[in-house]
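# Secondary and tertiary structure notes
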Amino acid sequence: MSAAVRFELRKLAAQWRVRALLLAALLGPIPVALVMSAQANPPKDTLFGRFALDNGFALALMLLGFLGQWVLPLLTSVVAGDSFASEDQHGTWKTVLTRSTSRNRLFWAKVLVNLGLTTLVLVVLAASTIASALLVEGAPALTGLTGQLIAPGHALWLVAAAWLSVLPPLLGFTCLALLMSVWTRSSAAAIAVPVVLALAMQMLGSVGTLEPVRPFLLTTAFESWHGLLTDPRFTGPLLEGFVVSAAWAAVCLAGASFILHRRDITGG
Amino acid sequence: MTTTPSPRPDGSPPAAVEAVGLVKTYGSVRAVDGVSLRVEPGEVYGMLGPNGAGKTTFLRMLFGLIRPDSGTVRVFGRSWAESGVGVLEGVAGFIEAPRFYPYLTGRQNLEALALLDGGASRGRVEEVLGTVDLADRAHLKVGGYSYGMKQRLGVAASLLRDPRLLVLDEPANGLDPGGIRDMRALVKRLASGGLTVLLSSHHMDEVEEICDNVTIMARGAVAFHGSLPDLRALAPEPGHLLRTTDDVAAERLALARPDLRVGRDGDTLRVAGQRAATTGLVADLVAAGVGLLELTPTQTPLEELFFMLTDPAGTAPTGGAAA
């Protein structure tokens, strides 16, 4: 397995889109923070938007809420969606599967590498966003969702935890992109479908009559950090989000594995 | 998990490849229809057939890329059902055109693929690059490689595994005459070192030049299986197309020779027979004062046999075999 993982890492490291993705995660938040700071009026209709122009913590949380709608699914799909489909595109399935490695090993190597890359991208994006927001807007005490004041030192931990809490649903979207990559054999479709599904889930989640469905949507888990910023704090949604994300990931990976193991490699 | 292959009852090592009754169907098309063949260790074995004969489908089943509907294939005594990917221990090759990651250089592709085989030293990578004359281009990205360079890189990637069985699917496809000559020389050189080679081709001359035994496939089934001497024994007599100053007289003289078969290919006279008979006809023509304008060999006898075996409906040219 380690050989297959090193093989996948070597390929990823040589791809421009991976470098571009990491660079975007690192540098992208800087202009966003600068543009936000130049706004005359704060975006009061968004969560933490009211304080975003004079509080770096609030700006970092407001951006997290925005990114969770479709940007985070897009970021993870860009590479994961290409992972299996690119083997079809380059005709290299036959190249790798005629070596001493099985489909199973290659499958799990790709899964592990993509989950790892998603985690890395989120960590870089979170660190860059929080740092940029704090540098541009400063780090005064944060007003929580129930009006309580949170000291800067504690607020930093809560903001970091909020960003970390989106990792499970993000990994869920990674697995969804991997499934699409195996299923459609098309990078474009495998990148687009998770983003479209994310938007569709957002819409479904906002329909009042579909409230019973809401907890099972992957996008709902992107909002599970809200409970960290209330007083008293509630963490039930975090656990629910973790379980729902794990279920989505398991179903997607099971489907992807089934399809890959059943298919005949006739192309290339 | 892999299993250790057991020797045959007589103590000899297992066949390099042993296929029994392989069948693969796509819809109503039987791409491979009950193919059985046996490749012994150390031989150079040819699989011959026109495009669509089922050669590549057979090789994909050998490599486990597609599953047969029925039948088994064993490689050095191991089957996919028993040994999984262990079947490919000691096996290397490529199916159709070898494909690589275009964003990696030739050397990086080999180094990455070597990881899947448990790693290879830098020296070994350079060695196989040298074997296929790609050492000076190995730093270039494969996306810019010509077809022939990719073919050679495919051979290099195969050699990296130090195979006992090398499977090459139409290795000369798309190569210019120089490339074909180099590829055949390379295969012969590798085979002379004791490597078992399973080579698929749709060129009879390629198989005739390199192989010891051959299976000819047509429409998914085996049309011939045996040694090249056996194949040659089935071949028709060599044929010639004949143009003279008086074709009527020439045809009369040819028909008078019992050792020649005579026919027509459009307006052109066609004779088939052993060399002595054809030479005798030429002497008869000269003696009768008939001028010889053209005496052109048709396909080689093996090529004619190939067409007869693979296209019995007669849509292919039949040359001198016609009566």
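Because the structure is predicted, anything quoted here is derived from the model rather than measured.

Turning next to the overall build of chain B. Secondary structure summary: chain B contains eleven helices and 14 strands in total. Structurally, chain B occupies a C-alpha span of about 75 × 45 × 40 Å along its principal axes. Residues counted as buried form 46% of the 323 residues belonging to chain B. Of all intrachain contacts in chain B linking residues separated by at least 6 positions in sequence, the fraction that spans at least 24 positions is 68%.

Looking now at the overall build of chain A. Of regular secondary structure, chain A possesses twelve helices and two strands. Shown N-terminal to C-terminal, the secondary structure of chain A runs as helices and strands in the order α-α-α-α-α-α-α-α-β-β-α-α-α-α. Rg of the C-alpha trace for chain A: 20 Å, near the compact-globule value of 18 Å for 268 residues, within the 12% margin. Its C-alpha atoms give chain A principal-axis dimensions of about 60 × 40 × 30 Å. A fraction of 75% describes how many contacts in chain A between residues 6 or more apart in sequence connect residues 24 or more apart.

Core analysis: the biggest nonpolar cluster contains 160 residues, and L178 of chain A together with A156 and V197 of chain B have the highest contact counts within it. Among the elements that line this core, the one with the most residues is helix α8 (residues 103-137) of chain A, at 13 residues. Composition of this core by domain shows at least three residues from each of domain 1 (17-233) and domain 2 (236-321) of chain B. Setting aside residues up to four positions removed in sequence, L178 of chain A forms contacts with A80, S83, F84, V111, N114, C252 and A256 of chain A. Of all hydrophobic cores here, the second largest spans eleven residues; its members include L242, L253, A254 and L285 of chain B.

With that out of the way, let us pick up the interface of chain A and chain B. Interfaces are often sized by the amount of accessible area the parts lose when they come together. If you look at the interface, chain A gives 24 residues, while chain B gives 25 residues. Mapped onto the side of chain A that touches chain B, the elements with two or more residues apiece are α1 (2-13) and α7 (93-97) of chain A. The element that contributes the greatest number of residues to the side of chain A that touches chain B is α1 of chain A, accounting for six residues. For the side of chain A that touches chain B, the class distribution of residues is seven nonpolar, eleven polar and six charged.

Residue P232 of chain A is bonded to the preceding D231 of chain A through a cis peptide linkage, with omega at 5°. Along the chain, P232 of chain A turns up in the loop between α11 (187-206) and α12 (236-262). Positive phi, close to 50°, is recorded for F76 of chain B, a residue that is not glycine. Taking the C-beta count within 10 Å as the criterion, F76 of chain B has 22 such neighbours and is therefore assigned buried. Positive phi values are uncommon outside glycine, yet E96 of chain B reaches one of about 50°. With respect to the helices and strands, E96 of chain B occurs in the loop between β6 (91-94) and α3 (106-116).

Let us look at the pairing of strand β1 (residues 17-26) of chain B. Residues and elements named next belong to chain B. Two elements, β1 and strand β2 (residues 29-39), share eight bridges in a ladder whose sense is antiparallel. From the neighbouring strand, L22 faces β2, where its bridge partner is V35. Counted between consecutive antiparallel strands, the loop separating β1 from β2 contains two residues, among which G27 sits at a positive phi close to 60°.

Calculation notes
- Residues numbered from 1 in each chain as written.
- Chains lettered and ligands numbered in written order.
- Predicted model: local features only at pLDDT ≥ 70, side-chain atom pairs only at ≥ 80, totals over all residues.
- Helix = DSSP H or I, 4+ residues; strand = E, 2+ residues; numbered from the N terminus.
- Buried ≥ 20, exposed ≤ 12 C-beta atoms within 10 Å, placed from the backbone.
- Contact = placed C-beta atoms within 7 Å.
- Rg over C-alpha atoms; globule rule 2.2 N^0.38 Å.
- Core = buried A, V, L, I, M, F, W, Y, C linked by C-beta atoms within 7 Å.
- Domains from an automatic or database assignment.
- Nonpolar A, V, L, I, M, F, W, Y, C, P; charged D, E, K, R; others polar.
- Pairing = 2+ DSSP bridges.

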